[in-house]
Amino acid sequence: MTEILNFFSTTAGIITGIVALIVLIGVGVGISKATKSRELPPATPREEIEPSRDDESGVAVDTLPTPPAEPIDEPEAEESTLEVEPDYEPALDRPESAAGRMERLRSRLAGSGRIGAALLSILSRGDLAEADWEELEDTLLMADLGLDATEEVMSNLRTAVKVKGTTDPGEVRQILREQLLAAVSPDMDRSLNLTRGEEEGKTTPAVVLMVGVNGTGKTTTVGKLARLLVAEDKTVILGAADTFRAAAAEQLTTWGERVGVDTIRSDVEGADPASVAFDAVKQGIERDIDVVLVDTAGRLQNKSTLMDELGKVKRVMEKQAPVAETLLVLDATTGQNGMRQAQVFAEVVDITGVVLTKLDGSAKGGIVVSVQRELGVPVKLVGLGEGADDLAPFSPEDFVDAIIG
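I will try to describe carefully the structure that is included in this document. The shown structure was predicted, so the numbers you read here are calculated from the model rather than taken from an experiment.

**Observations regarding the side chain of threonine 204**
Line of reasoning, step 1. Topologically, threonine 204 is positioned in strand 4 (residues 202–204).
Line of reasoning, step 2. Contact partners of threonine 204, with chain neighbours within four places excluded, come to Arg196, Gly197, Glu198, Glu199, Ile285, Gln320 and Ala321.

This is the structure in structure tokens:
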């Protein structure tokens, strides 16, 4: 150690120390520059920088690149404890039950019976004169009860009043109720045949064919009937076989979507309606559906065209499953015009029941009696309004009570 100190005290030792110090400083500076070159981005060459000019001074200003922002460490987010709701379909309509419909429609009938008001006005006179009897008969005829039915009701009413020897308005009213109820035929089976069948070892749906002229509310009635069946926990498929009216398939599809019922349709306007009906029944079998409702076109250009079209639709459908019900949709306000329509359809297909729309008890309610007598089939369903659930099973008692107030 003494020798080293003695060496650095000499001239040669001092020079050696100075050289060593310079070398150490140079090494340190080099390490510092290398570290900084790794941390900073490369400088942009001067020739690549586009000069920009200040609009006011006109002086060129070099635009230097902005160095990237240093990343900021953010605290990690805590894991969410909220559950994300899965995707879901829009809530479906809840159709009203048959019992609720009956109660509501009963009150609506009772509140709109202008026929009943006219009848009560006559009966309240007590001892009826011949002019009163004639007025009573005219009122029933105006209600489209039909000539034969009106004459029968009036004859029985006069006989019963004479036998009882009564002039009491309440008793006469009760006799009239009994006669009208008999005319409506309360013993007719008004239930829909929705029993599923068996074909070649396969369970088939109950197939319902809906017919009627355009403008009676036929397509709407198909949609309303689907709602009624869904309310009774039945599975349903709709067949849009009215392919000649562009809006019919869209209208029926909308009705089905509201209660979760699929509609079998063709996107080609004027497509073969029998093919659509066939596909609807086929889907009903494959998907084990309870009821298939098939809407049809209502053109009445001539009887032969209608017969050919409906006959083909029915034949094609029955290759897979029998048609359980063929329901004729009539507008009650058309009165005797509706009767003529009913006769044409009765000649084309085997009608098993009638659906009367717009039966508000006000003017043409007597068509119930007329159509049943003419066709020999019962009125099974009635519509009283434009509401989605304004369709219900027909009740003879409620109907007659509405007529006589």
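**Concerning the pairing of strand 10 (residues 353–357)**
Line of reasoning, step 1. Among the five residues that make up strand 10, five are buried, leaving the element largely enclosed by the rest of the structure.
Line of reasoning, step 2. Alternating positions in strand 10 separate into two faces, Gly353, Val355 and Thr357 on one and Val354 and Leu356 on the other, with burial throughout.
Line of reasoning, step 3. Across five bridges, strand 9 (residues 323–331) lies against strand 10 in parallel orientation. Each residue of the ladder has a partner; that of leucine 327, found in strand 10, is glycine 353.
Line of reasoning, step 4. One crossover worth recording links strand 9 to the parallel strand 10 by way of helix 12 (residues 336–348), and it is right-handed.
Line of reasoning, step 5. Both strand 10 and strand 11 (residues 379–383) contribute to a ladder of three bridges, which runs parallel. Looking at strand 11, one finds that leucine 356 is bridged to valine 382.

**Things to note about the environment of alanine 388**
Line of reasoning, step 1. One can find alanine 388 in the loop between strand 11 and strand 12 (391–393).
Line of reasoning, step 2. With a relative accessible area of 17%, alanine 388 lands in the buried category.
Line of reasoning, step 3. Between the C-alpha atom of alanine 388 and that of lysine 224, which follows or precedes it by 164 residues, the distance is 6.1 Å.
Line of reasoning, step 4. Setting aside residues no more than four positions away along its own chain, alanine 388 makes contact with Lys224, Arg227, Trp255 and Arg258.

**Regarding the pattern of salt bridges**
Line of reasoning, step 1. Under the counting rule described, the total for this entry stands at 14 salt bridges.
Line of reasoning, step 2. Of the charged contacts in the structure, one is a salt bridge between aspartate 242 and arginine 245, with a shortest N-O distance of 3.5 Å.
Line of reasoning, step 3. The closest approach of N and O atoms between aspartate 262 and arginine 287, which form a salt bridge, is 2.4 Å. Residue aspartate 262 is located in strand 7 (residues 262–264), and its partner arginine 287 is located in the loop between helix 10 (273–286) and strand 8 (291–296); the two are separated by 25 residues in the primary sequence.
Line of reasoning, step 4. Using a relative accessible area of 38% as the deciding quantity, one classes aspartate 262 as partly exposed.
Line of reasoning, step 5. Through salt bridges that share partners, Arg196, Asp288 and Asp290 make up one connected network.

**Some points on the packing of aromatic side chains**
In this description, a pair of aromatic rings is defined by centroid distance and the angle of the planes.
Line of reasoning, step 1. Taken as a whole and judged by the stated rule, the model has one aromatic pair.
Line of reasoning, step 2. Aromatic pair phenylalanine 394 and phenylalanine 399: ring centres 5.5 Å apart, planes at 55°, arrangement tilted.
Line of reasoning, step 3. Overall, phenylalanine 394 belongs to the buried group, its relative accessible area being 7%.
Line of reasoning, step 4. Between arginine 258 and the ring centre of tryptophan 255, over which it is positioned, the NZ or CZ distance is 5.2 Å.

**Quick word on the packing of helix 12 against helix 13 (residues 367–375)**
Line of reasoning, step 1. In the contact formed by helix 12 and helix 13, the axes pass within 10 Å of each other and the chain directions differ by 25°. In terms of orientation, helix 12 lies roughly parallel with respect to helix 13. The two elements helix 12 and helix 13 meet at a crossing, and its hand is right-handed. The segment helix 12 lies against helix 13, with Gln336, Met339, Ala342, Gln343 and Ala346 engaging Ile367, Ser370, Val371, Glu374 and Leu375.
Line of reasoning, step 2. Classifying every residue of the contact of helix 12 with helix 13 gives six nonpolar, three polar and one charged.

**Observations concerning the environment of leucine 140**
Line of reasoning, step 1. Relative to the elements of secondary structure, leucine 140 occurs in helix 5 (residues 130–142).
Line of reasoning, step 2. Separated by 21 residues in sequence, leucine 140 and leucine 119 place their C-alpha atoms 8.6 Å apart.
Line of reasoning, step 3. Discounting chain neighbours no more than four positions away, the residues touching leucine 140 are Leu119, Leu145, Thr150, Val153, Met154 and Leu180.

**Re the sheet that holds strand 8**
Line of reasoning, step 1. Here we have eight strands laid out as an open sheet, ordered 7-6-8-5-9-10-11-12, and mixed in their pairing. Each end of this open sheet is capped by a strand with a single partner; those strands are strand 7 and strand 12. Across the sheet, the mean angle from the axis of one strand to that of its neighbour is 25°, orientation sign disregarded.
Line of reasoning, step 2. Both strand 6 (residues 236–241) and strand 8 contribute to a ladder of six bridges, which runs parallel. Within strand 8, the position partnered with isoleucine 237 by the bridge is valine 292.
Line of reasoning, step 3. Each of strand 5 (206–211) and strand 9 touches helix 12; the most contacted strand, strand 9, lies at about 155° to it.
Line of reasoning, step 4. Contacting strand 9, strand 10 and strand 11, helix 13 crosses the sheet at an angle of about 160° to strand 10.

What counts and what doesn't
Residues numbered from 1 in each chain as written. Predicted model: local features only at pLDDT ≥ 70, side-chain atom pairs only at ≥ 80, totals over all residues. Heavy atoms only, no water. Helix = DSSP H or I, 4+ residues; strand = E, 2+ residues; numbered from the N terminus. Contact = heavy atoms within 4.5 Å. Buried < 20%, exposed > 50% of the residue type's maximum accessible area, 1.4 Å probe, protein only. Pairing = 2+ DSSP bridges. Right-handed = clockwise from strand over helix to strand, strands pointing away. Salt bridge = Lys/Arg side-chain N within 4 Å of Asp/Glu carboxyl O. Phe/Tyr/Trp six-rings, centres within 6.5 Å; stacked < 30°, edge-to-face > 60°. Lys NZ or Arg CZ within 6 Å of the ring centre and 35° of its normal. Axes fitted to C-alpha atoms, helices over the stretch in contact; angles between N-to-C directions. Parallel < 35°, antiparallel > 145°, perpendicular 65-115°, else oblique. Left-handed = near helix turned anticlockwise from the far one by under 90°. Nonpolar A, V, L, I, M, F, W, Y, C, P; charged D, E, K, R; others polar.

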